[in-house]
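Now for the letters of each chain:
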Amino acid sequence: MTQQVSRYEHGSRIPGWDDAVDLTKDAAVVPDPATTPVPAALRAQIEAAMARYPDARSAAIPALHAAQELHGWCSPEAIEQAACVMRLTPAYLTAVATFYDMLETKPVGRHAVYVCTNISCSLRGADALYDAVREAAGDDPDFNVRAFECLGACDIAPMASVNGEYVGPLELADAATLVEQLRAGDEVLPEKQLSRRACADPGAAS
Amino acid sequence: MRGPGGGVVSQKLLFDRIDDPGLNTLPVYEARGGYESLKRALAMPREAVLQELLDSGLRGRGGAGFAMGKKASFLPKGTMDKYLVCNADESEPGTFKDRELMQKSPHMLIEGMIVAAYAADINRSFIYIRGEYQQQAAILEAAIEEARAAGYLGERILDSEHSLDLVLHRGAGAYICGEETGLLDSLEGKRGNPRLKPPFPANQGLYQGPTLINNVETLATVPHIIAMGGAEYAKLGTETSTGTKLVSVSGNVQRPGNYEIELGMPSREIVYGLAGGPEPGREVKFWFPGGSSSPVLLPEDLDLPYDFDAMAKAGSMLGSGAIIVVDDSVPVIDVALKLAKFYRHESCGKCTPCREGTNWTVKMLERIDAGEATPMDLDIIASVQQQIMGNCLCVLGDAMAMPLGSMVAKFRGEFEAHIELRRGQAGLGAPVEVLA
């Protein structure tokens, strides 16, 4: 299973696709700094990102990453704050956020568990693993279990990215362990972390 | 004189003692002779460095296989804002070589970028790393800071005339951003939609300025070319596919992983010798030679040398160097459906043939699995693939059409048997007899 895309009636992926336009409403504008409170740390983070590029707009993704980290997802409030600092309309940043898989446009659990279900992992049992992880996490609102496209770690297939930490090769029994360790706040499957793995090429060691 | 070629390189270049502890830090990298190539390059005129790159015959390691030196020479000369962008998006399914390089030897990439920027007279550079590589991004960020503090980055590098600014940019999860113009749009803070070409990035790329875009592995090879000399490097590999290549082997093999080989090595030796081949009792059914976007090849093609030309001659491509092996326990339709769903999800939606073609291909394959298809649907699937190819701004649609088309062509019998099996299970009765 690849990513399940929720669709509205008529097949649209866009929430509010059939809402009538409110003609009495003013056009969306860049949020007014006087009426949009932005946490100082977030503002500093976004401004630092903007300063790194010849064109400040390049900081759109870093700004959304920062806002998402603070708010848990790219909520309308998070986007408003990022737009206020970047001097862009919220609509522009919403358009950017909806394009990228890692930017969440709906509320999600704080533990991101991306199970790779692309070809190399699925050849080694990723679909069953994904089901096992989903079952282990149950309906715990703290978990954001997603089937993800190739995460670039087919050498440890089947694998998952747990809050950014790559672990694999995973067995079905690891699903429950992984969820328990996350709940307890422990390190996740330390012996299966990619960062501790040596290169497969035997010639690389000599 | 051409070297023997075609074997496992005894002396690794990119993977030389890659697991040395602390190689990701500057002191260890320098102790092993790191940044010596940079010093050597800065003592040479720019044109001479570019000539070394041209002499090396190094072809891009990201997928297209375009000669790196030639690409660098396309950039206009003169004083203007020019950009170097390292494509570290590595999202082609099956590919994970750049990840290992960046994680274990980030300074090799940084050194390569400084030298490449010097050769093409560029003062601003970016690394676009995929958002999922959070650890690698942190390692690279630390390495860039170290390099800057040591004077390898910034104004007047090592008291030369060359200055270079390097910024690490994290993406946020989109396959299309590995496509060079989609990457540029994403780097400019937009949705990652590909652009119409021409103008090519070498003339009008990032912020409308001339831009050189190269893959991580390509740039990480540059210091080795400077160290050994372009002509010497060209002796590795074959006549038209020079040098060494990192190969990511995955799927149904016993030892999946990254291996550094000399181009031209027999494919069988990679799949069986290095990666151990399929589990005992299993046979290779088909394999992707260059990531999921490359047309599949059959077991007999394993005798081909693994290089750019041999793969192209066999009707496929070397691509990113990601070999995905599928064994005989896997139904071909499962792989086809997996692939089609991936490309449907990742299509940016800008061009109709790709947006609709990927969607309808998934629907038709699901129809087969639901038992509602007839063998005629295979012809329709094949014709849809034909209509996608070459009709879009970028090659994402082609990337589905090529492997899908090759699967339907090479495994038509299996598809037909699957259609009839499912029809029977769905109670739709015997298939219509085919008239000869």
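Residue indices follow the written sequence of each chain, beginning from 1 at its first position. As a convention, the first chain written is A and the first ligand written is 1, with the rest following in written order. Two thresholds apply to this predicted model, a pLDDT of at least 70 for residue-level local features and 80 or more for giving and counting side-chain atom pairs, whereas whole-chain, interface and lining totals are computed over all residues.

A run of DSSP states H or I qualifies as a helix once it reaches four residues; a run of E qualifies as a strand once it reaches two. Both are numbered from the N-terminal end. Counting its secondary structure elements, chain A contains 7 helices and 4 strands. Element order for chain A, N to C, with α for helix and β for strand: α-α-α-α-β-α-α-β-β-β-α. Across its three principal directions, the C-alpha atoms of chain A cover 60 × 45 × 30 Å. Put simply, a residue is buried when 20 or more other C-beta atoms lie within 10 Å of its own C-beta and exposed when 12 or fewer do; between those, it is partly exposed, and each C-beta is set from the backbone. Buried positions account for 44% of the 206 residues belonging to chain A. What counts as a contact is two residues whose backbone-derived C-beta atoms lie within 7 Å of each other. In chain A, of all internal contacts separated by at least 6 residues, the share reaching a separation of at least 24 is 60%.

Right, let's talk about the sheet that holds strand β2 (residues 143-148) of chain A for a bit. Each strand in a sheet pairs with its neighbour through backbone hydrogen bonds, running either in the same direction (parallel) or in the opposite one (antiparallel). Residue and element names in this part refer to chain A. The strand order across the open sheet formed by 4 strands is β2-β1-β3-β4, and the pairing between neighbours is mixed. Taken across any chain shown, the strands that pair with only one partner, and hence form the sheet edges, are β2 and β4 (165-167). Shown here is a sheet whose adjacent strand axes are inclined to one another by a mean of 20 degrees, direction ignored. Strands pair, by our definition, only if DSSP identifies at least two bridges between them. Sheet topology places strand β1 (residues 111-116) next to strand β3 (residues 160-162); 3 bridges connect them, and they run antiparallel. For tyrosine 114, the partnering residue across the bridge sits in β3 and is serine 161. The strands that helix α6 (residues 126-137) touches are β1, β2 and β3; relative to β1, the one it contacts most, it runs at about 160 degrees. Geometry is summarised by axes, namely lines fitted to C-alpha atoms with helices restricted to the contacting stretch, and by angles between N-to-C directions that run from 0 to 180 degrees.

Domain ranges listed in this record stem from an automatic or a database domain assignment. Per the domain assignment, the segments of chain A are domain 1 (28-99) and domain 2 (111-194). The distance between the C-alpha centroids of domain 1 of chain A and domain 2 of chain A comes to 30 Å.

Let us look at unusual backbone geometry. The omega torsion across A:Gly168 and A:Pro169 is -10 degrees, close enough to zero to call that bond cis. The topology assignment puts A:Pro169 in the loop between β4 and α7 (172-184). A cis amide bond, omega 5 degrees, links B:Pro198 with the succeeding residue B:Pro199. Within the element layout of this structure, B:Pro199 appears in the loop between α8 (180-187) and β4 (211-215).

The nonpolar core criterion groups buried Ala, Val, Leu, Ile, Met, Phe, Trp, Tyr and Cys residues into a set whenever they are joined through C-beta atoms within 7 Å. Counting 159 residues, the largest nonpolar core has A:Ala63, A:Leu64, A:Ala82, B:Ile114, B:Ile270 and B:Trp287 as the members making the most contacts within it. Of all the elements, helix α6 (residues 106-119) of chain B adds the most residues to this core, at 10 residues. Beyond its immediate sequence surroundings of up to four residues, A:Ala82 is in contact with A:Ile46, A:Ala63, A:Leu64, A:Ala67 and A:Leu93. Judged by nonpolar contacts, the second largest core, of 35 residues, contains A:Cys116, A:Leu151, A:Ala157 and A:Leu178.

The next subject is the pairing of β1(A). Direction of pairing for β1(A) relative to β2(A): parallel, over a ladder of 6 bridges. Its bridge partner lying in β2(A), A:Ala112 is registered against A:Asn144.

All names here are of chain B. Here helix α14 (residues 352-369) is 18 residues long and its end C-alpha atoms lie 26 Å apart, about the 26 Å a rise of 1.5 Å per residue gives. Looking only at α14, the buried set comprises Cys354, Gly357, Thr358, Thr361, Val362, Leu365 and Ile368. Seen end-on, α14 carries its buried residues on one side only, within an arc spanning 130 degrees. Turned more than 90 degrees off the buried face of α14, the exposed positions are Thr352 and Lys363. Its buried side turned inward, α14 meets α13 (332-346), α15 (376-388), α16 (396-410) and α17 (412-425). One or two positions beyond α14, positive phi appears at glycine 371, with a value near 80 degrees. A helix is expected to span 1.5 Å multiplied by its residue count minus one. To obtain the arc, one takes the directions from the helix axis to the C-beta atoms.

All names here are of chain B. Packing of helix α5 (residues 97-104) against helix α9 (residues 216-228) leaves a shortest axis separation of 9 Å and a crossing angle of 50 degrees. The angle between α5 and α9 places the two elements in the oblique class. Packed against α5, whose contacting residues are Lys97, Asp98, Leu101 and Met102, the element α9 presents Val216, Glu217 and Ala220 at the interface. Its residues assigned to classes, the contact of α5 with α9 shows 4 nonpolar, no polar and 3 charged. An angle counts as roughly parallel when it lies under 35 degrees, as roughly antiparallel when it exceeds 145, as roughly perpendicular when it falls between 65 and 115, and as oblique in every other case. Throughout, the ten residues Ala, Val, Leu, Ile, Met, Phe, Trp, Tyr, Cys and Pro are labelled nonpolar, Asp, Glu, Lys and Arg are labelled charged, and all others, Gly among them, are labelled polar.

The next point concerns the pairing of strand β10 (residues 322-327) of chain B. In regular strands, side chains alternate between the two faces of the sheet. All names here are of chain B. Within β10, 5 of the 6 residues are buried, leaving the element largely enclosed by the surrounding structure. In this structure, strand β5 (residues 244-251) lies alongside β10, joined through 4 bridges in parallel fashion. Across the sheet, valine 249 pairs through a bridge with isoleucine 323, a residue of β10. Relative to β10, strand β8 (residues 284-288) is paired through 4 bridges, and the arrangement is antiparallel. When the sheet's bridge partners are listed, phenylalanine 286 is paired in β10 with valine 326.

Residues and elements named next belong to chain B. Domain boundaries assigned for chain B yield domain 1 (26-234), domain 2 (249-260 + 277-324) and domain 3 (332-425). Between the C-alpha centres of domain 2 and domain 3 there is a distance of 21 Å. In this assembly, 7 residues from domain 2 lie in contact with 7 residues from domain 3. For the side of domain 2 that touches domain 3, the residue count by class is 4 nonpolar, 3 polar and no charged.

As a further point, take the interface of chain B and chain A. On the chain A side, the residues contacting the 54 residues of chain B number 43 residues. Among the secondary structure elements, those contributing two or more residues to the side of chain B that touches chain A are α5, α7 (134-149), β3 (165-170), β5, β6 (257-262), β10 and α13 of chain B. With 7 residues, α13(B) is the single largest residue contributor to the side of chain B that touches chain A. A breakdown of the residues in the side of chain B that touches chain A according to their chemical character gives 20 nonpolar, 18 polar and 16 charged.

The next thing to look at is the packing of α14(B) against α15(B). The angle between the axes and the distance between the axes are what describe a pair of packed helices. All names here are of chain B. Direction vectors running N to C along α14 and α15 enclose 165 degrees, while the axes themselves pass 10 Å from each other. When the axes of α14 and α15 are compared, the pair comes out roughly antiparallel. As α14 runs across α15, the sense of the crossing is left-handed. From α14, Pro353, Cys354, Gly357, Trp360, Thr361, Met364, Arg367 and Ile368 reach across to α15, where they touch Asp377, Ile380, Ile381, Val384, Gln387 and Ile388. Partitioned by chemical class, the residues of the contact of α14 with α15 number 9 nonpolar, 3 polar and 2 charged. Left-handed describes a crossing in which the near helix is turned anticlockwise from the far one by less than a right angle; the clockwise case is right-handed.

All names here are of chain B. Looking only at helix α3 (residues 46-56), the buried set comprises Val49, Leu50, Glu52, Leu53 and Ser56. Here the buried residues of α3 occupy an arc of 150 degrees about the axis, which is enough to place them on one side. Residues of α3 that are exposed and point over 90 degrees away from its buried face: Glu47 and Ala48. Contact partners of the buried residues in α3: α2 (36-42), α4 (68-73), α6, α9 and α10 (230-234). Phi turns positive, to about 70 degrees, at glycine 57, one or two residues after α3.

This brings us to the sheet that holds strand β1 (residues 83-88) of chain B. All names here are of chain B. Taken in spatial order, the 4 strands line up as β3-β2-β1-β4 in an open sheet, and their pairing is parallel. Since the sheet does not close on itself, it has two edges, and those belong to β3 and β4, each with one partner. Between one strand axis and the next, the sheet turns through 20 degrees on average, direction left out of account. Relative to β4, β1 is paired through 5 bridges, and the arrangement is parallel. Within β4, the residue paired with valine 85 across the bridge is isoleucine 213. Here α7 sits on the sheet and contacts β2 (124-129) and β3; the angle it forms with β3, its principal contact strand, is near 165 degrees.

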